[in-house]
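Coordinates in review
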Amino acid sequence: MASPGKEKPEVVFDHGVPVLAPGHSYGSVTDKISAIVLTRGTRRGWWIGLAISLFFLMLFNLSAGYLLAKGVGIWGIKIPVAWGFAIVNFVWWIGIGHAGTLISAFLLLMRQRWRTSINRFAEAMTIFAVICAAQFPLFHMGRPWLFYWLIPYPDTMGTWPQFRSPLVWDVFAVSTYATVSVLFWFVGLIPDLATLRDRARHWFAKRAYGVLAMGWRGSAMHWKRYEMASLLLAGLATPLVVSVHTVVSFDFTIAIVPGWHSTIFPPYFVAGAIYSGFAMVLTLAIPLRHYYHLEDFVTSRHLDNMAKMLLATGLIVAYGYMMETFMAFYGGNQYDKFMMLNRMTGPYAPVYWALIACNIAIPLTLLWSARIRRNVKALFVLSLIVQTGMWLERFIIVVTSLHRDFVPSAWGMYYPTKWDLAFFTGTIGLFFTLFYLFIRYLPMISIFEMRELVHKTEEATV
Amino acid sequence: MPSLRSNNSPKASRLPQRPLDLAAARQGNQTEAGRHFWRSLEQLAAEANASNLLSNEPSHSSASESGVSRRDLLRLMGASAAFAGLTACTKLPREKIVPYVNAPEDLVPGQPLFYATAMTLGGYATGLLVESHMGRPTKVEGNPDHPASLGATDLFAQASVLTLYDPDRSKVVIYDGRIGAWSSFLTAMTSARAAQAASRGVGLRILTPTVTSPTLADQLQRLLAQYPEARWHQYEPCGRDNAREGARLAFGEYVNTIYRFDRAAVVLSLDADFLCQGPGSVRYARDFADRRAVTGPQSEMNRLYVVECALSSTGVVADHRLPVRAGEVVQIAQDVASRLGVKLGEGRSESSNASRWIQALVRDLQQHRGSSLVLAGEQQPPLVHALAHAMNHVLGNVGSTVIYTYPVEAHPVNQLQSLKELVADIQSGRVEMIVILGGNPVYDAPVDLNFGQTLLKVPLRVHLGLYEDETAELCHWHVPQAHYLESWSDARAYDGTISIIQPLISPLYEGKTAHELLAVLMGQEGATPHDIVHDYWKERTRSENFDATWETWLNNGFIPNSALPAKAVTLQAGFAARLQVSPPQAGGGSEELEIVFRPDPTVWDGSFANNGWLQEVPKPITKLTWDNAALISIATAERLGVTNQDVVRLTWRGRQVQAPVWIMPGHADGSVTVHLGYGRRRAGSLGTGLGFNAYLLRPSDQLWSGLGLQVEKTGESYLLANTQSQFIINAHGRHEELESIVAARRDLVRVATLAEFRKNPNFALDPPEQTTRAPSLYPNFQYEGYSWGMLIDLNRCVGCNACVVACQAENNVAVVGKDQVSRGRIMHWIRIDTYFDGDVSQPLAHNQPLLCMQCENAPCEEVCPVGATVHSPEGLNEMIYNRCVGTRYCSNNCPYKVRRFNFYLYSDWTTASFFGLRNPDVTVRSRGVMEKCTYCVQRINRVKIQAEEQNRTIRDGEILTACQQACPSQAIVFGNINDPGSRVAQLKALSRNYGLLTDLNTRPRTTYLARVRNPNPEIET
C-alpha cells in the first residue's frame, strides 16, 4: 500500500503543465464536479444529444427486432463470408473498452496519477462498450434464443459446450471482463455516491444515491477497505486488459483461414485494442472538458499523455502489420501470400489502404509533434481517424480473409446491407444513450481522487 | 383452393380478343376493377412490350419481393385461419381414422417401397424406380435393368417429383376461365362429338407432342378411323425434326439411330451434346465414360472431338473442341466428309482455317474404321445429319458403333410441317375443334406462325396440360393433366424398349391422362387409363396368361425384348446430288452476328419453368440460375463493348427482345446463343416472368440459328444470379481468369494427357513433403468396422447436374430463390465447379463436383462451440441440426466451403402439398442452422439396420448415396474404405487418386481421380 505523501512533484508536473490546474481546493473540486449532477440542471445540449442517441437506440431495437423475426439473412453475410459486420463491430467495441480498464487498473498499479481525472468516464466507456459489444455475438447467432448452450450448466439433455472452440473461451473472457469492470467501476463510485448523497437536496436523489452508496461514511476503516478492494480489483483487471483481446484474437487464430491463422494476433490485437480505446477516450474527453468547463481537471497534460499512448500502441500495431506482411511472403505459404496480395490489390484494396492511412500513415506521422499533441482540435480529429482505422482493420481481417480463401469456386464478395448499418449505428446509439445518462447522473470525474490530487499538489507546491 | 384459382384465371369475356395491346389491357383492367388479378395486368403489359425480361430492377430484387408471393399468400391465409379459430374456441374437427382392414402387402411403415415406371422427355422414355413412402412418391431413381437408364437418371427425372407436388399445378377443369366440372366437360364433348361425327370429323384436329406410346398411337388411329376426315398433328418445340429429315435425306426414310459408345474409340460430335441431351443420353454418358476408365498406364481410352458453338457439357469433356458458329458446322461436316471419301456435290465450300485440326481428325477417324463414330446434334440442319450418316457408312461404323432401327416414334412426321399445316387449316377456317393433348404451342410455337392468335379462330378449343399455361389461357376447356407419377401409360425408350408407365399415387387433383381424353372423344367415357393401357396390351399380346405377364412387366418396368431390331439401310442413290443444297447461311459474311437457339440445360423447352429445383440448379459452365442470358465469347463481348449483366437489345429479322449478356469462355466468336424456355407468362408462381423469351425471335424457317443479328447496348444492367464467378473483372475492366489461375496453382484439379500419364503415372500424387502427415499429439483413431469414403472420378464426370438435383430431392434441400442465390446463399450440398485452363478463347474446361469431404481432421468440428458437428465412429462428419445455434464458425473454417447455412427459414414449412414430397428420413431444417452433405447417412443407416437384422456385414455397393445413384457416368463411388476389397478402396489405391488441399492436413475422405485427357498427338503435343 503506497503512502501518498511520498510522491515526488515531478509526477504531478510535466512539461510545466499540471495534471490539475492550480488554485483548486477540496471544496472547489467537489463543488465543480458534483454541480454537474446536482445543481446545474439539465442543459439543452444534453437533451439534444440524448435525443439523437435515443433515436439510434430505437434503430437498434428495430433492427434487433427485425433480426429476431426474420433471421440473420437480413445482413449481408453469405457463404463464404459468414461473419460480417457483427464480428467486425464486436471486436471493435471490445477493443474500445480496453483503454478504460488500462487507465483505471493498469495505470493505478503503475501509480500514474494523471489517470485520476479521466479514469471514471473511461471506465464507464469500458462498460458501455462491452454492453454494445455483447449485442453482436448474441444476435449474430442463427438461433440467438439458444445462446445459453454456450454456457456450461447441468441440463437434462446431457449436453455440454465444446471447449476446444474459441467461441466458448470468448464467452468466459467477455463475461469475466464485464463482471470485473462493473465491480471495479462501482466500487470506485461508492465514496463519490456518498458525497452526492450528502449534497443532494431532492429527497429522491438523496435516497437513490444513499442506497447506492451502501452506507459509506468515510471512516478510516472504510477507506482502508476501499483501498484494499480497489487494489485487488485492479490486480484482477490488469491481466484482463491482455487476456480479453487475446482470447478474442483466438477466434481468428485458431481457425485455419489464411489471414486469421497467425501467431502474431494476440499482442497485436491487444495493442490495437488499446490504440482504439485511447482514441475513444480522447473522442469523449475533448468535448466533455469543453462543454462542462473541466479544462482545469482534464488538462492538456492528459491529452498529451493519451496522445503518447496512441503513438506507442500505434507503433506496435504498425509493427504487427509489418510482420504480418513479412511473414506472408517469408513463410512460403502460398495461401498466406495470396491473401496478402489480395488484401493489397484485390477488390477490397481501397479498404486496406484506407486502413493503413488511418492507422499508420496519418496518426503515426503527426503524433510525434508536441504541437499536434497539445492541439485539441487536431487530437479530436486524429482520435476519430484512429477509430475508423481500427474498425477498418477488423473489417479487413474478417472479410478479406474469408472472401477468397482456399477453393476459388467458393469465392464471393461481401456487401453490408442497410440492416448491418442500422445495427451498428444502433449500438453507437446505445453507447451514447448510456453515456449521456452517466454524465448527467453520476460524477464523471472521481471527486475523492481529485481531492487527493489537490492534497498532493498542495504538498508539492508548499 | 377454388377462390384462388378463379382469381388467377383470365376472364371469359377477354378470351377472343387476345392478345391485346397495353392500352386495351389497361382499359380492360379499369372496367373490370376488382375482378382482375393484378399479375395479369403485368403480364398483358409484358406481352405488349415483347420484352418482359426487364421488369425487374437490376438491384437485388427478387420475384418474392415484387409482390405477394404464393408462400406469403398461403402464410397469410394460414394465419387468418388460425386467428379465425381463436375467436371461436371450438373443438378440433373430428376426423375418423380407420386402420387398414386388409393391410396392403409389403407395406411396413417407415420402409419405402420402390415401383418401376418411366418418365418421358420429348416422347422418349427412361425407366425409373420410384421410392414411395406410405404411398407418397418421394424420390426418383433409375431402373438398373432399363437400357436407357442402367440405374441412373438425368436431372429432369430427379426433379419431376417436385412437379408432382407443385402447388401451382392445374387442379380443376377450367371452362372459359372459370372452374368447370369434368361432368360438364363430358357433356360438352358429347355434343361436340355428335357434330364431328356428322361431318366425319372434318373440323377435328388433335395436336400432341411427340408420341411414342403404342397405346396412345393406337387410340389415335382408332379415333382417326372413327372420324376419317380428322387430322392428328404433332409438334415438339425442341424436337428431332432435323434428325428425322436427315435420315430421310440419307436413306429416303425415317430411321432411328442408336449409338454404341461402348464400341467407339474415336467420336466426332458435330454440335451434339449427346452426354446431357437427347434420347438415350443417360445411357450414352455411361457407355462413353466406361471407355475413359483409366486404371493404369496400359489403359486405353476413347477420344472425343467436338465441333460446337456454345461450350456444352459434352464440349467440356472433349479431348479436342473446335468452337465454330453453329452455321459453320455444316462446312466442317462437309470438309470432313469429303476428306473421308463421301462424294459430295459441287456446291460445297472448300476447307476452313482449321484444316490442320481437320486433317488430324480425319486421319484419326480413318485409323479407327468400324470403331469410330460421327454424330450430329439435334439442332444441326438435316444436311449435317445426312453427312454424319454418310461418314459412318464410309467409315464402316454401321452395325458396330451405329445401329439403325425403325423409328421409335409411333408416327414420325416432320413436326414443323405438321404444325404449319394445322395453322394453315385454322386460318382457312376448316378447323371447328382442336384438342391439344399436352404441350404449350401458344408459348413455344415458331413466332411467325402466330399460333396464339391463329388458335383463337377455332370455335372449340380443348387443352390438356399440367399447368394452366399460355395455351390453357386461350382455350375454352382446360383439363388438368395427370402427372406421369399419377398416370397409366406406356412409352418407348431411345432403342424402342417399351415401358409401362404405372402410377405411384392416384391423381392429387382432377388430373386426367391423354388416354382418357381420347377415350372421351371416342365416346368411351367410363374407360379408366389403367384399363385402356392394360386392354391394349392384352389384345396385342393375345397371351393365355396375360395378367401374369402384365405383372412381370410392371415389376420389371419394361417389356422384355421390346427393343426395336436393327434395320438394314442403304444410302440413297441421289444422295450426293441433294448435298449440293448448301444452306444459305453457310457462306455468310463473317462480320454478321449469328443467333443460335438452344433448349435450356435445366428448364428444357420451358415446360420445367415452374420447377424450383431445375431453376436453381446452376446451369453447366455459366453457373447461372433462375435466368437465361445471351451467351457470347470474350472476343465478341469486347467487339460489342459489353460485359456480364449488360442488357442488350437483340434484333433479328424485325423482331426484338432484350437480354442480359453473359460471357461464356469457349463460345464461338461472332455468335450469340440464347436458351429457350424462359420469359414465361403463365408458368406458375415461380417460373412466371423469369428471364427473356427467346421464342419471340424464333421463326419457323430458321429454328436453330441464323445470321444477321443486331446487338445494341441499352445501357441498363440486369442482375444475373450465378454461383461461381469464373471471371473477375478488375478495375481496368479486363477479364481475368483469376479463379481458374489460382485453382490451377493450388492443384485443385489435376489433369494430364494420356501420354503424360503413361510417362508419369503418379502425376496426381501430392509432393512428398505433403504426403508425410503432420505429426499429431494423438494417435490416429482406429476404425474397427466401417469407415466410409467416397471417390469422384474427374475423368467420368460430365457435369450434367443430376447429382445436384438428386441430392436436393433426397435430403430435403431447400430452394432459396434468385435473390438469395445472388447473395451467395444457395443451399445445394453438392456443387459442380468449373475451371478453365489455357487460351481464353479456346479454353479447356474441367468439372469438379465438390461436396463435404468428411475430413478426418475436420476443421469445422473443433470450432463449433456447442458440439453440433462431430465425428462418428464410422468416420462421418455429422451435423446435429437441433444442437446447432448458428455461429457459422464451422463454415468459415471449412477450407472447401461446402457448408450451407439457413440464413432465413428456407424450407417451406407451410405449403401443404410439399409435405408429401419430403423424405421422411431426413430432417427438414429450420432457420439459423448449418447443414451439409452427410454421405446420405439415412441410407447408410437403413442398410446397416437391414444388415444387422440379417446378422451380416454390409456388402460393397449395397449403399448408394443419392448423388452416386443418379450419376449417369458413374463418376461417384462410395463405400467402406476399411475393406480393401471394396470398389472405393480399390479405386483410391490408383495412382490418379488425390485429395483436395491435403497440405492442410484435413485428411479428406472424399478424394478425386485426376483427369486424363486423350488429345491427338498430331494436334496437341
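Calculation criteria
- Each chain carries its own residue numbering, running from 1 in the direction its sequence is written.
- Following the order in which they are written, the chains are lettered starting with A and the ligands numbered starting with 1.
- The model is predicted, so local features are restricted to residues of pLDDT at least 70 and side-chain atom pairs to those at 80 or more, both for listing and for counting; the totals for chains, interfaces and linings are taken over all residues.
- Every helix listed is a DSSP run of H or I at least four residues long, and every strand listed is a run of E at least two residues long, numbered separately from the N terminus.
- As a rule, residues whose C-beta atom has 12 or fewer other C-beta atoms within 10 Å are exposed, those with 20 or more are buried, and those in between are partly exposed; C-beta atoms are placed from the backbone.
- Two residues qualify as a contact pair if the distance between their C-beta atoms, derived from the backbone, is within 7 Å.
- Radius of gyration here uses only the C-alpha atoms, and the compact-globule reference equals 2.2 Å multiplied by the residue count raised to the power 0.38.
- When DSSP finds two or more bridges between two strands, those strands count as paired.
- Charged means Asp, Glu, Lys or Arg here, nonpolar means Ala, Val, Leu, Ile, Met, Phe, Trp, Tyr, Cys or Pro, and polar covers whatever is left, Gly included.
- Scored from 0 to 100, pLDDT reflects the predictor's confidence in each residue.
- Axis angles are defined between N-to-C directions and span 0 to 180 degrees, where every axis is a line fitted to C-alpha atoms and, for a helix, only to the segment in contact.
- Boundaries between domains were set according to an automatic or database domain assignment.
- Joined through C-beta atoms within 7 Å, a set of buried Ala, Val, Leu, Ile, Met, Phe, Trp, Tyr and Cys residues constitutes a nonpolar core.
- Each residue after the first adds 1.5 Å to the expected span of a helix.
- Any angle between 65 and 115 degrees counts as roughly perpendicular, while under 35 counts as roughly parallel, over 145 as roughly antiparallel, and the rest as oblique.
- Summarising the geometry, the arc corresponds to the directions from the helix axis toward the C-beta atoms.
- The handedness criterion is simple: a crossing whose near helix is rotated anticlockwise from the far helix by less than a right angle is left-handed, and one whose near helix is rotated clockwise is right-handed.

On to the overall build of chain B. Each helix and strand in chain B was counted, giving 33 helices and 40 strands. Of all 1021 residues assigned to chain B, the portion counted as buried reaches 56%. Contacts in chain B between residues at least 24 apart in sequence constitute 75% of all its contacts with a sequence separation of at least 6.

Take the overall build of chain A next. In terms of regular secondary structure, chain A is built from 16 helices and 2 strands. Expected size for 462 residues packed as a compact globule is a radius of gyration near 23 Å; at 23 Å, chain A falls within 12% of this value. When its C-alpha atoms are laid out on the principal axes, chain A stretches across 75 × 55 × 45 Å. Relative to its 462 residues, chain A shows a buried fraction of 51%. Across chain A, every contact between residues at least 6 apart in sequence was considered, and the portion connecting residues at least 24 apart equals 83%.

Right, let's get into the environment of Gly110 of chain B. Residues and elements named next belong to chain B. Examined against the element boundaries, Gly110 turns out to sit in the loop between helix 4 (70-88) and strand 1 (113-121). Since 9 C-beta atoms lie within 10 Å of it, Gly110 is described here as exposed. Remark: the alpha-carbon pair of Gly110 and Asp921, spanning 811 residues in sequence, is separated by 8.4 Å.

Here we come to the pairing of strand 23 (residues 655-663) of chain B. Residue and element names in this part refer to chain B. In terms of burial, strand 23 is largely enclosed, as 7 of its 9 residues are buried. The pairing of strand 21 (residues 630-632) with strand 23 spans 3 bridges and is parallel. Paired with Ala630 across the two strands is Val661, which belongs to strand 23. Between strand 22 (residues 646-652) and strand 23, which follow one another and run antiparallel, lie 2 residues, and Arg653 among them has a positive phi close to 50°.

In many analyses, interface size is given as the accessible surface area lost on bringing the parts together. With 41 residues of chain B at the interface, the matching set in chain A holds 38 residues. Elements that contribute at least two residues to the side of chain B that touches chain A include exactly helix 24 (738-745), helix 29 (859-863), helix 30 (889-893) and strand 35 (900-901) of chain B. Residues of the side of chain B that touches chain A, tallied by class, amount to 20 nonpolar, 10 polar and 11 charged.

On to the confidence of the model for chain A, then. Looking at chain A, the pLDDT average stands at 87 and 95% of residues meet or exceed 70. Here residues 1-14 of chain A is modelled with pLDDT under 50, and outside its nearest four sequence neighbours on either side it reaches 17 contacts, counting other chains as well.

What follows concerns the sheet that holds strand 9 (residues 266-270) of chain B. Strands in a sheet are paired, the pairing made by backbone hydrogen bonds, and the direction either parallel or antiparallel. All names here are of chain B. Strands sit in the order 11-10-9-12 across an open sheet of 4 strands; the sheet is parallel. Strands with a single pairing partner mark the edges of an open sheet, and in this sheet they are strand 11 (320-323) and strand 12 (372-376). Ignoring which end each strand starts from, the neighbouring axes of this sheet average 10° apart. Sheet analysis places strand 10 (residues 303-308) next to strand 11, joined by 4 bridges and oriented parallel. Along strand 11, the bridge assignment pairs Glu308 with Pro323.

For the rest of this paragraph, the subject is the environment of Lys171 of chain B. Take Lys171 of chain B: it is sitting in the loop between helix 5 (155-164) and strand 4 (174-175). Separated by 39 residues in sequence, Lys171 of chain B and Thr210 of chain B place their C-alpha atoms 24 Å apart.

All names here are of chain B. For chain B, the assigned domains are domain 1 (1-49), domain 2 (110-253 + 406-556), domain 3 (256-403), domain 4 (593-722) and domain 5 (739-773 + 786-1013). Here domain 3 and domain 4 have C-alpha centroids that lie 27 Å from each other. With 13 residues of domain 3 at the contact, the number on the domain 4 side is 18 residues. In terms of residues, the side of domain 3 that touches domain 4 owes the most to one element, helix 10 (residues 313-317), which gives 3 residues. Within the side of domain 3 that touches domain 4, the residues separate by chemical class into 8 nonpolar, 4 polar and 1 charged.

All names here are of chain B. One closed barrel holds the 6 strands; their spatial order is 19-24-21-23-22-25, and the pairing between them is mixed. Strand after strand, the sheet turns through a mean of 45° between neighbouring axes, direction not considered. In the sheet, strand 22 pairs with strand 23 via 6 bridges, with the strands oriented antiparallel. From the neighbouring strand, Leu650 faces strand 23, where its bridge partner is Val657.

Our focus in this paragraph is the nonpolar core. One finds Val281 of chain A together with Leu270, Ala630, Leu650 and Val672 of chain B to be the most contacted residues of the largest nonpolar core, which totals 435 residues. With 17 residues, the single largest contributor to this core is helix 4 (residues 85-109) of chain A. Discounting chain neighbours no more than four positions away, the residues touching Val672 of chain B are Leu593, Glu594, Ile595, Val596, Ala630, Leu631, Ile632, Leu650, Leu709 and Val711 of chain B.

With that out of the way, let us pick up helix 13 (residues 382-394) of chain B. Residues and elements named next belong to chain B. Along its 13 residues, helix 13 runs 18 Å from first to last C-alpha, staying within 8% of the 18 Å computed at 1.5 Å per residue. By the criterion of burial, helix 13 is predominantly enclosed, with 12 of the 13 residues buried. Those residues of helix 13 lying buried are Pro382, Leu383, Val384, His385, Ala386, Leu387, Ala388, His389, Ala390, Met391, Asn392 and His393. One or two steps after helix 13, the chain reaches Gly396, where phi turns positive at roughly 70°.

Below, the discussion takes up the packing of helix 4 of chain A against helix 9 (residues 265-291) of chain A. The relative placement of two packed helices is expressed as an angle between their axes plus a distance between the axes. Residues and elements named next belong to chain A. With their axes 6 Å apart at the nearest point, helix 4 and helix 9 run at an angle of 75° to one another. Viewed along their axes, helix 4 and helix 9 adopt a mutual orientation that is roughly perpendicular. In this structure, helix 4 contributes Trp92, Gly95, Ile96, Gly97, His98, Ala99, Gly100 and Leu102 to the contact, and helix 9 contributes Gly272, Ala273, Ile274, Ser276, Gly277, Phe278, Met280 and Val281. Of the residues in the contact of helix 4 with helix 9, the class split is 9 nonpolar, 7 polar and no charged.

Residues and elements named next belong to chain B. Between the first and last C-alpha of helix 31 (residues 937-949) there are 18 Å, a value that for 13 residues agrees with the 18 Å anticipated at 1.5 Å per step. Those residues of helix 31 not exposed but buried are Val937, Arg939 and Ile940. Relative to the axis of helix 31, the buried residues are bounded by an arc of 155° and lie together on one face. Across from the buried face of helix 31, at angles greater than 90 degrees, the exposed residues are Asn941, Ile945 and Glu949. Residues of helix 31 that are buried in the fold lie against strand 30 (788-793) and strand 34 (877-879). Asn951 lies just past helix 31 and shows a positive phi near 55°.

On to unusual backbone geometry. Cis geometry is found at the peptide bond from Ile79 of chain A to Pro80 of chain A, where omega equals 15°. The residue Pro80 of chain A is located in the loop between helix 3 (44-70) and helix 4 in this model. Located in the positive-phi region is Asn951 of chain B, a residue other than glycine, with phi close to 55°. The topology assignment puts Asn951 of chain B in the loop between helix 31 and helix 32 (962-966). Notably, Arg1003 of chain B is not glycine yet its phi reads approximately 50°, a positive angle.

For the rest of this paragraph, the subject is the confidence of the model for chain B. Residues and elements named next belong to chain B. For chain B, mean pLDDT is 85; residues scoring 70 or higher make up 86% of the total. Between the elements of chain B, mean pLDDT differs from a low of 37, seen in helix 1 (residues 2-8), to a high of 95, seen in strand 36 (residues 930-931). Long-range and interchain partners of residues 1-66, a stretch whose pLDDT sits below 50, account for 95 contacts in this model, where long-range means more than four residues apart. Contacts for the low-pLDDT stretch residues 728-733, under 50 throughout, to residues beyond four places or in other chains number 6 contacts. Overall fold confidence (pTM) sits at 0.87, and the ipTM for the predicted complex is 0.91.

Now for the packing of helix 10 (residues 300-330) of chain A against helix 11 (residues 334-345) of chain A. Residues and elements named next belong to chain A. For the pair helix 10 and helix 11, the least separation of the axes is 7 Å and the interaxial angle reads 135°. Classified by the angle their axes make, helix 10 and helix 11 are oblique. For the element pair helix 10 and helix 11, the recorded crossing hand is left-handed. Of helix 11, the residues touching helix 10 (which contributes Thr325, Ala328 and Phe329) are Asp336, Lys337, Met339 and Met340. When its residues are assigned to classes, the contact of helix 10 with helix 11 shows 4 nonpolar, 1 polar and 2 charged.

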